[in-house]
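# Structural features, examined
Chain by chain, the residues run as shown.
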Amino acid sequence: MIADTIALRNCTELEEFRACVTLQKEVWGFADNELVPLRIFSLAPKIGGQVIGAWEGEALIGFAFSIPGTRNGHPYLHSHMLAVRESHRNSGLGRRIKLFQREDAIAHGYELLEWTFDPLEIKNAYLNLERLGAIARRYNINQYGITSSPLQGFLPTDRLVAEWWLTSKRVETLLSAGEHPSFMPEVRIEVPAAIYAWKAQPESRQKAAEVQLRNREQFLAAFSRGLSCLGYERDATGNGTFLLGHWEEDWSYASK
Ligand SMILES: CC(C)(COP(=O)(O)OP(=O)(O)OC[C@H]1O[C@@H](n2cnc3c(N)ncnc32)[C@H](O)[C@@H]1OP(=O)(O)O)[C@@H](O)C(=O)NCCC(=O)NCCS
């Protein structure tokens, strides 16, 4: 469990935004010219976005950053970054920041929070689909180009789009009962636990690239059939599997 000495709040001061930029650099290891700059952090809350900080005393140990968007006339939030300092991971803080972000978004009238995530990141996929109740049914090929972040293993930045329908039955059931509603999986897409090691070493990076390409084709084929990622399994050795099925709810801004 996370220490209750960690306080979450919306950031409003320049020094708070500066701490976010510093933590961003620490977490992703981006080159300076790829960082989201201070000016954008300070702008976001003024235009309907969010900068939420998790503080242990004076130290920032996590943050979420989102900017407003619209689709077919509907306002929504795009969450561009979620970060937790390495020393504080896997104790529920990332989820806690997202739940704070959800409450704040609902209070400002939003129904939808979206973000993109790397489908090769087993932990993030599990957090998004199983612990938060997001769904994914869109796939963007090499969204940001190849970046300088070692986390991304110098692979094309393929991304799934997580849609977090904040007051959907799926999310509300998960938050109240601890599990999302069940569904019938029709397609399974696998990510081996070794992917992290393969991405980290130049000599094995080709193996990671092959998994990415294979899975890309499987996601695109399944999404073209109207399937969504609705579940995620982890096995005892850390392998991950996306479970895709038909989502029974009709939340969408695509054609409304
Ligand atoms: C993604 C991130 C914010 C998560 O923060 P966190 O505080 O560690 O997250 P939480 O502890 O709330 O939840 C992580 C969940 O994944 C689980 N998990 C941890 N390691 C895992 C692994 N290797 N495989 C699968 N699941 C894993 C945890 O057990 C936890 O689940 P639980 O609540 O059922 O125990 C953090 O890892 C991070 O900053 N990563 C680098 C930046 C990044 O990738 N950001 C997201 C994209 S913008």
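Residues numbered from 1 in each chain as written. Predicted model: local features only at pLDDT ≥ 70, side-chain atom pairs only at ≥ 80, totals over all residues. Heavy atoms only, no water.

Moving on to the packing of aromatic side chains. With the rule as written, the count across this model stands at 10 aromatic pairs. On the numbers, 5.0 Å between centres and 85° between planes, the contact of Phe219 with Phe242 is edge-to-face. Linking Phe219 in helix α7 (residues 205-224) with Phe242 in strand β10 (residues 240-245), this pair joins segments that are 23 residues apart in sequence. With respect to class, Phe219 is no different from Phe242; both count as buried. In this arrangement the basic side chain of Lys98 is found over the ring face of Trp115, its NZ or CZ atom lying 3.5 Å from the centre. (Phe/Tyr/Trp six-rings, centres within 6.5 Å; stacked < 30°, edge-to-face > 60°. Helix = DSSP H or I, 4+ residues; strand = E, 2+ residues; numbered from the N terminus. Buried < 20%, exposed > 50% of the residue type's maximum accessible area, 1.4 Å probe, protein only. Lys NZ or Arg CZ within 6 Å of the ring centre and 35° of its normal.)

A separate point is the site of the ligand. Asn90, Gly92, Gly94, Arg95 and Lys123 are the nearest of the 19 residues found near the ligand. Gly92 has a polar backbone atom sitting 2.8 Å from an oxygen atom of the ligand. Separating an oxygen atom of the ligand from a side-chain N or O atom of Lys123 is a distance of 2.8 Å. Against a free-state accessible area of 960 Å², the protein chains account for coverage of 79% of the ligand. Breaking the shell around the ligand down by element, the ones donating at least two residues are α1 (14-28), β4 (74-84), α3 (93-107) and α4 (122-132). For the shell around the ligand, the element with the highest residue contribution is α4, accounting for 6 residues. (Near = heavy atom within 4 Å. Polar contact = N/O pair within 3.5 Å; in protein donor to acceptor, adjacent residues only side chain to side chain. Areas by Shrake-Rupley, 256 points an atom, 1.4 Å probe, with all protein chains shown as cover.)

Our focus in this paragraph is the packing of α3 against α4. For the pair α3 and α4, the least separation of the axes is 11 Å and the interaxial angle reads 55°. Considering the angle they form, α3 stands oblique to α4. Relative to α4, α3 is oriented so that their crossing is right-handed. Residues Arg95, Lys98 and Leu99 of α3 lie in contact with α4, whose contacting residues are Leu127, Arg131 and Leu132. (Axes fitted to C-alpha atoms, helices over the stretch in contact; angles between N-to-C directions. Parallel < 35°, antiparallel > 145°, perpendicular 65-115°, else oblique. Left-handed = near helix turned anticlockwise from the far one by under 90°. Contact = heavy atoms within 4.5 Å.)

Put simply, side chains in a regular strand alternate between the two faces of the sheet. Burial analysis of strand β9 (residues 228-234) places 5 of its 7 residues in the buried class, which makes it a mostly covered element. As defined by bridge partners, β9 adjoins β10 across 6 bridges and the pair is classed as antiparallel. Directly across from Arg234, in β10, lies its bridge partner Gly240. Taking the residues that link successive antiparallel strands as the turn, the β9-β10 hairpin has 5 residues, and the phi of Gly238 there is positive, at about 95°. (Pairing = 2+ DSSP bridges.)

All told, the structure shown has 17 salt bridges when counted by the stated rule. Put simply, Arg18 and Glu15 hold a salt bridge, and the shortest N to O gap is 3.2 Å. With Arg18 and Glu15 both in helix α1 and 3 residues apart, the pair spans about one turn of that helix. Judged by relative accessible area, which is 40%, Arg18 ranks as partly exposed. (Salt bridge = Lys/Arg side-chain N within 4 Å of Asp/Glu carboxyl O.)

Here Val171 is to be found in helix α5 (residues 169-177). When its relative accessible area of 0% is taken as the criterion, Val171 is described as buried. In this structure Val171 touches Arg102, Leu132, Gly133, Trp164, Trp165 and Leu166, once residues within four positions along its chain are discounted.

Non-glycine residue Asn72 carries a positive phi angle of around 45°. Within the secondary structure layout, Asn72 lies in the loop between β3 (59-71) and β4. Accessibility expressed as a relative area gives 48% for Asn72, which makes it partly exposed. One non-glycine residue, Asn142, adopts positive backbone phi at about 45°. For Asn142, the position within the fold is in the loop between β6 (135-140) and β7 (159-165). Given a relative accessible area of 31%, Asn142 falls into the partly exposed group.

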